[in-house]
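Okay, here's what each chain looks like letter by letter:
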Amino acid sequence: MSVTYEILKRLVKAANIKKRWIGMSTEELLDSRRRANAKNRIPVLHDDAFEISRIEVMGFPVLKMIHKEKTDRANLFLIGGGMISAPRPGSIKKALRFAKETGLDLFVPYYPLCTDYPLTKAYDMIHETYRVMLRDYAAEHISVLGTSSGGNLALGMVPYINDGHGDTPMPGYIMAISPGTCVDTDEEWRRMAELDKKDVAIPAQYMKTAVEIMRHGDDSVPDYMIWLQRGDFTGCPKVTFLYGSDETLYACAPSFEAAMKKYGVDYEMIVGEGMFHCYPVFPVCKEAKEEWDLMIRRMKEEAFR
């Protein structure tokens, strides 16, 4: 590991980020996130190469970053936050960097969170955002990238389409970075509990609390939205998974691999040895910069083939 990465990891550990996810009741956690989200603002971005605007889908904002030099390729960019935190301004600026480096038009939804809604609301809104994109881009020219819980939502588009939305074509490619899903088996929990000793960001316990949070009092939320490894991935396009080997969510990677194999999905599993949660989108050390570059390269290869 590079010295920069070791310093970064120690700083994250010292900040005790894991404590933000546990140590309080579910309602206390949700209240604290509601207060934080109320202070969050959608940043005003300017870039000479883009037309940047905002639309509404189902009453929720979507940022559009459209290249002035026209392209027929686009990406649906789903930023995570445990389904309870809105995208931060820094994440939006990073999305613009992603758009510049990939050459893709970008749609970034501020999807409804489980602080106020069951998870079905987020899936519905993201599906509608995708359908808005289909007005201007062919399905095979639309890729989807998601980080953390956004990775769950990116992958989850496939079982959602298979769950009564067959009139919607599948996107062309999906990249899921540290996709968050809840623990479904004792074996997954055993692996997650072991990884919890190494993880500096996401506590294993939250992935049990998340079941209640994602339901938000609604027992009709489909199982695959909570335990994505149960989903129907029939017709799924190629998927790239990126994990750090030292993150709790990596515990569910074998279950995702089993699901991909069951449905004959073309997939690749990229694992950063010794790396933490969502490390490719924090390109401040050698290892993360290399994976950011790989992420950009793979996205371009799949989008423009």
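Above this note sits the structure.
Residues numbered from 1 in each chain as written. Predicted model: local features only at pLDDT ≥ 70, side-chain atom pairs only at ≥ 80, totals over all residues. Heavy atoms only, no water.

1. As for the layout of surface pockets
Counted as a void, the largest pocket has a volume near 1000 Å³. In terms of lining, the largest pocket is formed by 39 residues, of which the most central are Gly-80, Gly-81, Arg-88, His-277 and Phe-282. Among the elements of the structure, α1 (3-14), α2 (26-39), α3 (89-102), α5 (149-162) and α7 (206-215) are those that each provide at least two residues to the lining of the largest pocket. Here the lining of the largest pocket takes four residues from α3, the largest share from any one element. (1 Å grid on protein atoms, 1.4 Å probe; cavity = no way out; pocket = protein on both sides within 12 Å on 5 of 7 lines; lining within 4 Å. Points joined across faces, edges and corners; volume = space filled by probe spheres on them. Helix = DSSP H or I, 4+ residues; strand = E, 2+ residues; numbered from the N terminus.)

2. Some thoughts on the side chain of Thr-168
You can see Thr-168 is positioned in the loop between α5 and β6 (173-177). Within the local environment of Thr-168, its side chain forms a polar contact with the side chain of Arg-131, the two groups lying 2.7 Å apart. Each residue touching Thr-168, except ones within four places of it in the same chain, is listed here: His-127, Tyr-130, Arg-131, Leu-134 and Ile-161. (Polar contact = N/O pair within 3.5 Å; in protein donor to acceptor, adjacent residues only side chain to side chain. Contact = heavy atoms within 4.5 Å.)

3. Quick word on α2
Its 14 residues give α2 an end-to-end C-alpha distance of 20 Å, which sits within 8% of 20 Å, the value for a rise of 1.5 Å per residue. Buried within α2 are the following residues: Thr-26, Leu-29, Leu-30, Arg-33 and Asn-37. Looking straight down α2, one finds that the buried residues subtend no more than 95° of arc, so they occupy a single side. Those residues of α2 that are exposed and angled more than 90 degrees off the buried face are Arg-35, Ala-38 and Lys-39. Taken together, the buried residues of α2 touch α7. (Expected span 1.5 Å × (residues − 1). Buried < 20%, exposed > 50% of the residue type's maximum accessible area, 1.4 Å probe, protein only. Arc of directions from axis to C-beta.)

4. Focus on the sheet that holds strand β1 (residues 50-57)
Here eight strands make up an open sheet; going across it, the order is β1-β2-β4-β3-β5-β6-β7-β8 and the pairing mixed. If you trace the sheet from one side to the other, it starts and ends with β1 and β8 (267-272), each paired once. Each neighbouring strand pair of the sheet contributes to a mean axis angle of 15°, computed without reference to strand direction. Relative to β8, strand β7 (residues 238-244) is paired through six bridges, and the arrangement is parallel. Of the residues in β8, the one forming a bridge with Phe-241 is Met-269. Here helix α4 (residues 119-133) sits on the sheet in contact with β1, β2 (60-67), β3 (74-78), β4 (105-109) and β5 (142-147), set at roughly 165° to β3. (Pairing = 2+ DSSP bridges. Axes fitted to C-alpha atoms, helices over the stretch in contact; angles between N-to-C directions.)

5. Observations concerning the nonpolar core
Note that soluble globular proteins tend to have their nonpolar side chains buried in a common cluster. Leu-76, Leu-119, Leu-153, Leu-155, Phe-233, Val-239 and Phe-241 are the most contacted members of the largest nonpolar core, which totals 71 residues. Looking at which element gives the most residues to this core, the answer is α4, with eight residues. Those residues in contact with Leu-153 that sit more than four places away from it in its chain are Leu-78, Met-83, Tyr-111, Leu-119, Ala-122, Tyr-123 and Ile-126. Leu-106, Ile-177, Leu-294 and Ile-296 belong to the second-largest nonpolar core, a separate cluster that totals 30 residues. (Core = buried A, V, L, I, M, F, W, Y, C linked by side-chain atoms within 4.5 Å.)

6. Observations regarding the pairing of β7
Buried residues dominate β7, accounting for seven of its seven residues. Neither face of β7 is exposed, since Lys-238, Thr-240, Leu-242 and Gly-244 on one face and Val-239, Phe-241 and Tyr-243 on the opposite face are all buried. One ladder, built from five bridges, connects β6 with β7; its direction is parallel. By the bridge assignment, Met-175 is partnered in β7 with Thr-240. A crossover links β7 with its parallel partner β8, the connecting element being helix α9 (residues 253-262), and its sense is right-handed. (Right-handed = clockwise from strand over helix to strand, strands pointing away.)

7. Some words on the side chain of Glu-247
Of note, Glu-247 is situated in the loop between β7 and α9. One polar contact links Glu-247 to His-277, side chain to side chain, over a distance of 2.7 Å. In contact with Glu-247, not counting residues within four places along its chain, are Ser-178, Leu-195, Asp-199, Met-275, Phe-276, His-277 and Cys-278.

8. Thoughts on unusual backbone geometry
Even without being glycine, Met-58 reaches a positive phi, approximately 55°. Topologically, Met-58 is positioned in the loop between β1 and β2. Positive phi, normally seen in glycine, also occurs at His-216, with a value near 50°. Turning to its location among the elements, His-216 is positioned in the loop between α7 and α8 (223-226).

9. A look at the environment of Glu-268
Following the sequence through the fold, Glu-268 ends up in strand β8. For Glu-268, a relative accessible area of 18% puts it in the buried group. Once the C-alpha coordinates of Glu-268 and Lys-238 are considered, the two residues, 30 residues apart in sequence, prove to be 8.3 Å apart. Excluding residues within four positions of it along the chain, Glu-268 makes contact with Tyr-173, Lys-238, Val-239, Thr-240, Phe-241 and Arg-298. Side chain to side chain, Glu-268 and Thr-240 meet in a polar contact 2.8 Å long.

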